[in-house]
Structure formats: structure tokens, C-alpha cells
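Chains, contacts and geometry: an overview
Residue-level listing of the chains:
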Amino acid sequence: MSILHTPMWRRRAVDRLATVLVTGAFVLALFPLFSILWTVVSKGAPALSPEFFTYSMRNVVGEGGGIYHALVGTLLVTAAATVISVPIGLLTAIFLVEYGEGRRLARWIRFLVDVMTGIPSIVAGLFAYALFVVFFGEGVRMGFGGAVALSVLMIPVVVRSCEEMLKLVPNELREAAYALGVPKWRTVLKVVLPTSIAGIVTGITLAIARVIGETAPLLVIAGLSDSVNFDLFHDRMATLPVFAYSAVSSPGVPPGPSIDRAWGAALVLLLIVMLLNLVARLVSHLFSPKSER
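None of these values were measured; they are calculated from a predicted model.

**Focus on the overall build of the protein chain**
- Counting secondary structure elements, the protein chain contains 11 helices and 0 strands.
- Relative to the compact-globule value of 19 Å for 293 residues, the protein chain shows a C-alpha radius of gyration of 24 Å, a clear excess of over 25%.
- Expressed as lengths along the three principal axes of its C-alpha atoms, the size of the protein chain is roughly 70 × 65 × 35 Å.
- When burial is assessed residue by residue, the protein chain has 39% of its 293 residues classed as buried.
- Long-range contacts, defined here as pairs at least 24 residues apart, represent 71% of the contacts in the protein chain between residues at least 6 apart.
- With an accessible surface of roughly 16800 Å², the protein chain has 69% of that area assigned to carbon and sulfur atoms.

Right, dumping it as C-alpha cells:
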């Protein structure tokens, strides 16, 4: 029976059923999200205070202390990972789109990027540890090793996001530049990148948000410290995910203050990720063409 010959009441019933199913799936998908948000905010907000952000855990037993050392470590390690990942990822994406079309090397690079996208985070940590053991010996722990581990996870995300944004640039813009005698490298620099800058920055920001909460690789190579460490190349460096994990896994006696600090660190990490997503949307809005705003 064709749609034209289906009774009106049956079409309305099917339409209402589909609406109910879609709405129910939407609510079901939102429930875990709001549950997580409510739990983290309700348990983490009481721990937030000026002392929580300005004190470390050095010589602290029981109540008191804060996440200053872990916050500094997270920002330093993530910034170093971004410095490593963005040039490599962006240049790789430029090669794939602008220079590697139809080449076997480009196909292999895309395949390897897809494989790297699915690498478990603990494998990235073990890779960084094995790499630094070669130069510094067994038991090495340093913040830069954590940055290398995070860059292994971040590079494929940057490559994929930048590649898709570069593909969206109309070929007419490239051809117009070539017709004016502009070299290819200058066309990429002056035409392609400015046109896709909004999407590129958004993809990079989301890639940072993706790796900033990783725990396993930082636990393996960066370690944990109770003191502030500003040197990425020397000794252990605390980060927010590892700090929260350590506070829950080894809370001490009594366990209450340590658990509260863990929830506070989780809330701060959640706020940082939310801020990065807001920055990505703001950048996308500011740099997008006026017709798309």
C-alpha cells in the first residue's frame, strides 16, 4: 500500500509514535549528562574556596590544602602538548588536502591517523614512558613526558578536524589565486588558511578539551607530586585528573577531606572543559562569514 493510499489515522498514529520515540531517546540521552553535572556540582562546589585554588598539598594531612600545584601542572602539560600537536597536525592536514591528493603516501597517512584515533590512552602513556626511558633511564617521571603522551592522542584529532575544514574551502578560491599567478604555498597561507581559520581554531580547541582530562598516560609518565613544579623537564608534576584519582584511591584517614578535594578538582576540570568549548563556539562565531552568523 502506497503512502497516498494509507488511511489518515494510521499516518497520524505513526507520526505520533515516531515523535514519542525520538523525544524519549533525547530525554534518555540527556539524563546521564544532567545526572553527572548535578553530582559533580553538588559535591564539588562546597570544596571551592580561595584556599583551594592558591594552596598545594605540601605538608598537608587531613583538612586544608588545595589544587594549585595540580592546576599549574595541568595548564603547563596541556600547553606543551598543544605546542607539539598543533603544528604537526595542521601541517599534516595541509599536506593531505593541498599536496597529497591521489598519492599513496596520503592514503597511508590517513590510515595511520585513523589507527591513532583509536589508540587507548594508556598505550600513549606507555609509549611516552618507553621513549623517555631510553634517554633518562628507568623510573623517569616528568611533565614533558606527559605532554608527549597527550600529543599522541591529540595529533590525530587535530589532523582530522583541520583536514575537514580545509576541504570545505571552495576550489574556486584556489583557482582564482592560481590564475593571478600566486604560488601554491602562498595560496595556502593567504587564501585557504584565513578562509578556514574559524573551523581550524574550533577543532584545535575541542582537541585540547578532549585530552585535558586524560588520567592514565599522565599517571604513567608525569606521576604525582604534592608540591608546585613549574619545570616540565624535571621531576614529577601533578595534574588535576591524577590528583582526583589519587585522592579517591588513597584518601587517607579520615577519608572525608580527601574525597571532597577530589570532587572539587573534578568540578574545576569540568569547568575548564566547558570554558574551552565556549571559547571554540565564540571563535567560530567571530571568524565565520557574516552570512552564517
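**Let's talk about a nonpolar patch on the surface**
- Nonpolar side chains collect at one region of the surface, where Phe-127, Leu-131, Val-134, Phe-135 and Phe-136 lie side by side and expose about 560 Å² of accessible area between them.
- Within the fold, Phe-135 resides in helix H5 (residues 121-136).

**Observations regarding the layout of surface pockets**
- Taken as a whole, the second largest pocket encloses approximately 200 Å³ of empty space.
- Together, Met-57, Val-60, Leu-224, Asp-226, Phe-243, Ser-246, Ala-247, Ser-250, Pro-251, Ser-258 and Arg-261 line the second largest pocket.
- Those elements that provide at least two residues to the lining of the second largest pocket are helix H10 (240-249) and helix H11 (256-287).
- A breakdown of the residues in the lining of the second largest pocket according to their chemical character gives 6 nonpolar, 3 polar and 2 charged.

**Concerning the nonpolar core**
- Judged by nonpolar contacts, the single largest core of 47 residues is most densely connected at Leu-166 and Leu-240.
- Mapped by element, the contributors of at least two residues to this core are helix H3 (68-99), helix H6 (143-167), helix H8 (184-211), H10 and H11.
- No other element matches H3, which puts 10 residues into this core.
- Each residue touching Leu-166, except ones within four places of it in the same chain, is listed here: Ala-93, Ile-94, Val-97, Arg-174, Val-192, Leu-193, Ser-196 and Ile-200.
- Ala-128, Val-133, Met-142 and Val-220 belong to the second-largest nonpolar core, a separate cluster that totals 10 residues.

**Thoughts on the UniProt feature "domain: ABC transmembrane type-1" (unreviewed entry) in the protein chain**
- The residues that UniProt annotates with the feature "domain: ABC transmembrane type-1" (unreviewed entry) are residues 71-280.
- End-to-end, the C-alpha atoms of residues 71-280 are 21 Å apart, and along that stretch the chain is 77% helix and 0% strand.

**Some thoughts on the side chain of Thr-202**
- Inspection of the secondary structure puts Thr-202 in helix H8.
- Engagement of the side chain of Thr-202 in a polar contact is seen with the backbone oxygen of Ala-198, the distance being 2.8 Å.
- When neighbours within four sequence positions are excluded, Thr-202 is seen to be in contact with Ala-280 and Ser-284.

**A closer look at H5**
- Relative to the 22 Å expected for 16 residues at 1.5 Å per residue, H5 spans 22 Å between its end C-alpha atoms, a close match to the ideal helical length.
- Those residues of H5 that sit buried are Ala-124, Gly-125, Ala-128, Tyr-129, Phe-132 and Val-133.
- Residues of H5 that are buried in the fold lie against H6 and helix H9 (216-221).
- Among the residues trailing H5, Gly-137 stands out with phi positive, at a value near 90°.

**Points about H6**
- With 25 residues, H6 should cover 36 Å at 1.5 Å per step; its first-to-last C-alpha distance of 35 Å lies within 8% of that length.
- Along H6, the largest kink reaches about 35° and is centred on Leu-153; proline Pro-156 follows within four residues of it.
- Among the 25 residues of H6, 19 are classified as buried, and the element is accordingly described as predominantly covered.

**Comments concerning the domain arrangement of the protein chain**
- Under the domain assignment used here, the protein chain contains domain 1 (2-47) and domain 2 (50-287).
- Between domain 1 and domain 2, the residue contacts involve 8 residues of the former and 7 residues of the latter.
- It is Val-40, Lys-43 and Ala-47 in domain 1 that bury the most area against domain 2; as a group they hold 62% of the surface buried on that side.
- On the surface where domain 1 and domain 2 come into contact, there are 0 salt bridges.
- Linking domain 1 to domain 2 there are 0 residue pairs in polar contact (both at pLDDT 80 or more).
- In the side of domain 1 that touches domain 2, the residues fall into 5 nonpolar, 2 polar and 1 charged.

**Quick look at the UniProt feature "transmembrane region" (unreviewed entry) in the protein chain**
- Sites flagged by UniProt as "transmembrane region" (unreviewed entry) map to residues 20-41, 66-99, 111-136, 142-159, 191-212 and 262-283.
- Helix makes up 100% of residues 262-283 and strand 0%, and the two end C-alpha atoms of the span are 32 Å apart.

**As for the environment of Ala-47**
- Within the fold, Ala-47 resides in the loop between helix H1 (8-44) and helix H2 (50-54).
- Exposure remark for Ala-47: the relative accessible area of 16% places this residue in the buried category.
- Distance in space between the C-alpha atoms of Ala-47 and Gly-64 is 9.9 Å, their sequence separation being 17 residues.
- Not counting the four nearest positions on each side in its chain, Ala-47 is found in contact with Phe-52, Asp-260 and Gly-264.

**Some words on the environment of Glu-175**
- As for its placement among the helices and strands, Glu-175 is situated in helix H7 (residues 171-179).
- For the pair Glu-175 and Leu-240, spaced 65 residues apart in sequence, the C-alpha to C-alpha distance is 48 Å.

Thresholds applied
Residues numbered from 1 in each chain as written. Predicted model: local features only at pLDDT ≥ 70, side-chain atom pairs only at ≥ 80, totals over all residues. Heavy atoms only, no water. Helix = DSSP H or I, 4+ residues; strand = E, 2+ residues; numbered from the N terminus. Rg over C-alpha atoms; globule rule 2.2 N^0.38 Å. Buried < 20%, exposed > 50% of the residue type's maximum accessible area, 1.4 Å probe, protein only. Contact = heavy atoms within 4.5 Å. Areas by Shrake-Rupley, 256 points an atom, 1.4 Å probe, with all protein chains shown as cover. Patch = residues over 30% accessible without salt bridge, like charges linked within 9 Å, V, L, I, M, F, W, Y side chains within 5 Å. Salt bridge = Lys/Arg side-chain N within 4 Å of Asp/Glu carboxyl O. 1 Å grid on protein atoms, 1.4 Å probe; cavity = no way out; pocket = protein on both sides within 12 Å on 5 of 7 lines; lining within 4 Å. Points joined across faces, edges and corners; volume = space filled by probe spheres on them. Nonpolar A, V, L, I, M, F, W, Y, C, P; charged D, E, K, R; others polar. Core = buried A, V, L, I, M, F, W, Y, C linked by side-chain atoms within 4.5 Å. UniProt positions renumbered as here; feature names shortened; annotations may be inferred. Polar contact = N/O pair within 3.5 Å; in protein donor to acceptor, adjacent residues only side chain to side chain. Expected span 1.5 Å × (residues − 1). Bend = angle between axes of the 7 residues up to and from the residue. Domains from an automatic or database assignment. Buried area = accessible area lost by both parts, 1.4 Å probe.

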